[in-house]
Amino acid sequence: MNKKLYLDIHVIQTVPPSCLNRDDTGSPKTAVYGGVRRARVSSQSWKKAVRDMFRMNLDEAEVGTRTKKIVDMVAEKIILLANMPYDESMVLAESIINAAGVTTKDKEARALFFMSDKQAENLAELALLEETPDKKTLQAALNQNTGIDIALFGRMVADDPNLNTDASAQVAHAISTHRVDNEFDYFTAVDDRSPEDHAGAGMIGTIEFNSATMYRYATVAVHELYNQLASDQEATARAVVEFVKAFITSMPTGKQNTFANRTPADAVLVCLRDDQPVNLVGAFEEAVRLKPDQSGYVRQSIDNLSEYHQTITSTFVEPPIMNWGLGSDFNSSTAPTDLLSLILSLDENIKSTYNDNSLSGD
């Protein structure tokens, strides 16, 4: 059994007027924390942004596809392998997927299925055998060659729990470090072909928005990720590096054309731990309030995070094995660095940890 190893990522990030993540009424999502209304961006929204960045930076074979059209995915592989007509490949693909324990009959009620490109190919190869393999063999093919994002974010299959994949990463809902009140932007649009003597608007409307300094947190159970990626140290290091890079630099796409909200992080604290993951949102249970000599929330948010981190690690949990700080000196034990240096250091540390087998034991 592998010893525990966790990577915690804490981000302070200013988000300008925007509507990154909306509820069913179109309003920016919010949450009450510490008795105060905060801006909120759901974990699902930011994980989608991370997965989108994976698709830009990683090879197609390294990531999964979450879709209801898994029959099409397997059929495409069958066509490539056997040059089979489309209709026949679809019938064969659906048959092999059903034999693996995944129901595809009711297209309207069909659930999204998370599958890697290689897993689709595995099923296609088994579908072309003279005799259909047993369910255990088919499910083994669906559990092998897990994509990086499937290993990180997990897969839940209601039809058969044997196809479930536990997530090795957890992402918290981002919240503002201070109180936020939503505002409304009243806008008009002009009809370009309206008569010159017509002064009215062709359309009017409102968009609800807010602006905030956010605290974002995510953690990766590196030991679990290592197991899910077939004990491959290179793949584990690459997955961790890509996740850290994507989580720090990605941005949800809600209303980006309207607000152009692509802001970088203001400060990042990355901690490598061997005891447990530690969310530092408690630093903001008392909402940040501006002092007389302050005109923004960023500096005070960073200071609160640094002080809370020191308090927690000296009182309730063990100090991290290593700390890295980007954009700010969090404390004397934090190595100040930049994103590229952080990536190189993480890659080296994870590979060396697995190379010397220091994670193996009871």
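All of these numbers come straight from a predicted model, not from anything done at the bench.

J.: Explain the overall build of the protein chain to me, and be specific about the residues and the numbers.
T.: Helices and strands together make up the secondary structure of the protein chain, namely 11 helices and 12 strands. A principal-axis box enclosing the C-alpha atoms of the protein chain has dimensions of 80 × 75 × 35 Å. Buried residues in the protein chain amount to 48% of all 362 residues. Considering only contacts in the protein chain between residues 6 or more positions apart, those separated by 24 or more positions represent 73%. In the form shown here, the protein chain has an accessible surface area of approximately 18300 Å², with 48% of it arising from carbon and sulfur atoms. The centroid of the 34 positive side-chain charges in the protein chain is displaced by 3 Å from the centroid of its 51 negative side-chain charges.

J.: I'd love a proper account of the packing of aromatic side chains, names of residues and values included.
T.: A full pass over the atoms with the stated rule returns 5 aromatic pairs. Look at F209 and F259: their rings are 5.8 Å apart centre to centre, the planes differ by 40°, and that puts the pair in the tilted class. Pair noted here: F209 is in strand β9 (residues 203–221) and F259 is in helix α9 (residues 256–259), with a separation of 50 residues, a long-range link. The same class applies to F209 and to F259, which are both buried. Each ring, one from Y226 and one from Y354, has its centre 3.8 Å from the other, and the planes form 35°; the classification is tilted.

J.: Could you give an account of helix α8 (residues 233–249), with specific residues and numbers?
T.: With 17 residues, α8 extends 24 Å between its outermost C-alpha atoms, agreeing within 8% with the 24 Å of an ideal straight helix rising 1.5 Å per residue. Inspection of α8 places T236, A237, A239, V240, V241, E242, F243, V244, A246, F247 and I248 among the buried residues, and these make up the whole buried set. Taking the backbone nitrogen of E234 as reference, a side-chain oxygen 3.0 Å away marks D232 as the first, capping residue of α8.

J.: Describe the pattern of salt bridges, listing the residues and the values that go with them.
T.: When their charged atoms lie close together, side chains carrying opposite charge are able to pair. Applying the stated criterion across every chain yields a total of 13 salt bridges. Among the ionic pairs, K135 bridges to D160, the shortest N-O distance being 3.1 Å. With K135 in helix α5 (residues 135–143) and D160 in the loop between α6 (148–153) and β6 (169–171), the pair connects residues that are 25 residues apart, well separated along the chain. Take D160: its relative accessible area is 7%, and that puts it in the buried class. Among the ionic pairs, R238 bridges to E242, the shortest N-O distance being 4.0 Å. Taken together, the positions of R238 and E242, both in helix α8 and 4 residues apart, correspond to about one turn of that helix. Given the relative accessible area of 6%, E242 is considered buried.

J.: Go over the side chain of T104, please, and point to the residues and values.
T.: The topology assignment puts T104 in the loop between α3 (86–99) and β5 (113–116). Reaching out from T104, the side chain makes a polar contact with the side chain of E94 at a distance of 2.7 Å. There is a polar contact of 2.9 Å between the side chain of T104 and the side chain of N98. Ignoring any residue separated from it by four or fewer positions in sequence, one finds T104 in contact with V71, E94, I97, N98 and R110.

J.: Any details on unusual backbone geometry? Residues and values, ideally.
T.: Positive phi, close to 55°, is recorded for N83, a residue that is not glycine. Among the residues examined, N83 registers a relative accessible area of 67% and is labelled exposed. Not every positive phi belongs to a glycine, and S231 is a case in point at roughly 55°. Take S231: it is sitting in the loop between α7 (222–228) and α8.

J.: Tell me what's going on with the packing of α8 against helix α11 (residues 339–355), and back it up with residues and numbers.
T.: Remark: α8 packs on α11, axes separated minimally by 9 Å, with the N-to-C direction vectors making an angle of 155°. In this view, α8 runs roughly antiparallel relative to α11, as classed from their interaxial angle. As for how α8 packs across α11, the hand of that crossing is right-handed. In this structure, α8 uses Q233, E234, T236, A237, V240, V241, V244, K245, I248 and T249 to contact α11, whose residues at the interface are L339, L342, I343, L346, D347, I350, K351, Y354 and N355.

J.: Tell me about the nonpolar core, and name the residues and values.
T.: L7, I9, F54, L152, F243 and V244 are the most contacted members of the largest nonpolar core, which totals 51 residues. Ranked by the residues each element gives to this core, the list is headed by α8, at 9 residues. Look past the residues within four positions of F243 in its chain and what remains in contact with it is I9, V50, F54, L152, F153, A169, V171, A218 and V220. The next biggest cluster of nonpolar side chains, apart from the first, holds 25 residues, and it includes A93, I97, A124 and L138.

J.: Residues and numbers for the packing of helix α2 (residues 70–82) against helix α4 (residues 117–127), please.
T.: In the contact formed by α2 and α4, the axes pass within 8 Å of each other and the chain directions differ by 60°. It follows that α2 is oblique to α4 by the angle criterion. For α2 against α4, the interelement crossing comes out right-handed. Mapping the contact onto sequence places M73, V74, K77, I78 and L81 in α2 and D117, A120, E121, L123, A124, E125 and A127 in α4. The residue makeup of the contact of α2 with α4, split by class, is 8 nonpolar, no polar and 4 charged.

J.: Describe the pairing of strand β10 (residues 267–273), naming the residues involved and giving the relevant values.
T.: The element β10 is extensively covered by neighbouring structure, given that 7 of its 7 residues are classed as buried. What you see with β10 is no split at all: A267, L269, C271 and R273 on one side and V268, V270 and L272 on the other are buried throughout. With 7 bridges connecting them, strand β1 (residues 6–18) and β10 associate as antiparallel partners. Within β10, the position partnered with H10 by the bridge is L269. Across 5 bridges, β10 lies against strand β11 (residues 322–326) in antiparallel orientation.

The rules behind each value
Residues numbered from 1 in each chain as written. Predicted model: local features only at pLDDT ≥ 70, side-chain atom pairs only at ≥ 80, totals over all residues. Heavy atoms only, no water. Helix = DSSP H or I, 4+ residues; strand = E, 2+ residues; numbered from the N terminus. Buried < 20%, exposed > 50% of the residue type's maximum accessible area, 1.4 Å probe, protein only. Contact = heavy atoms within 4.5 Å. Areas by Shrake-Rupley, 256 points an atom, 1.4 Å probe, with all protein chains shown as cover. Lys, Arg positive; Asp, Glu negative; His and termini not counted. Charge placed at Lys NZ, Arg CZ, Asp CG, Glu CD. Phe/Tyr/Trp six-rings, centres within 6.5 Å; stacked < 30°, edge-to-face > 60°. Expected span 1.5 Å × (residues − 1). Polar contact = N/O pair within 3.5 Å; in protein donor to acceptor, adjacent residues only side chain to side chain. Salt bridge = Lys/Arg side-chain N within 4 Å of Asp/Glu carboxyl O. Axes fitted to C-alpha atoms, helices over the stretch in contact; angles between N-to-C directions. Parallel < 35°, antiparallel > 145°, perpendicular 65-115°, else oblique. Left-handed = near helix turned anticlockwise from the far one by under 90°. Core = buried A, V, L, I, M, F, W, Y, C linked by side-chain atoms within 4.5 Å. Nonpolar A, V, L, I, M, F, W, Y, C, P; charged D, E, K, R; others polar. Pairing = 2+ DSSP bridges.

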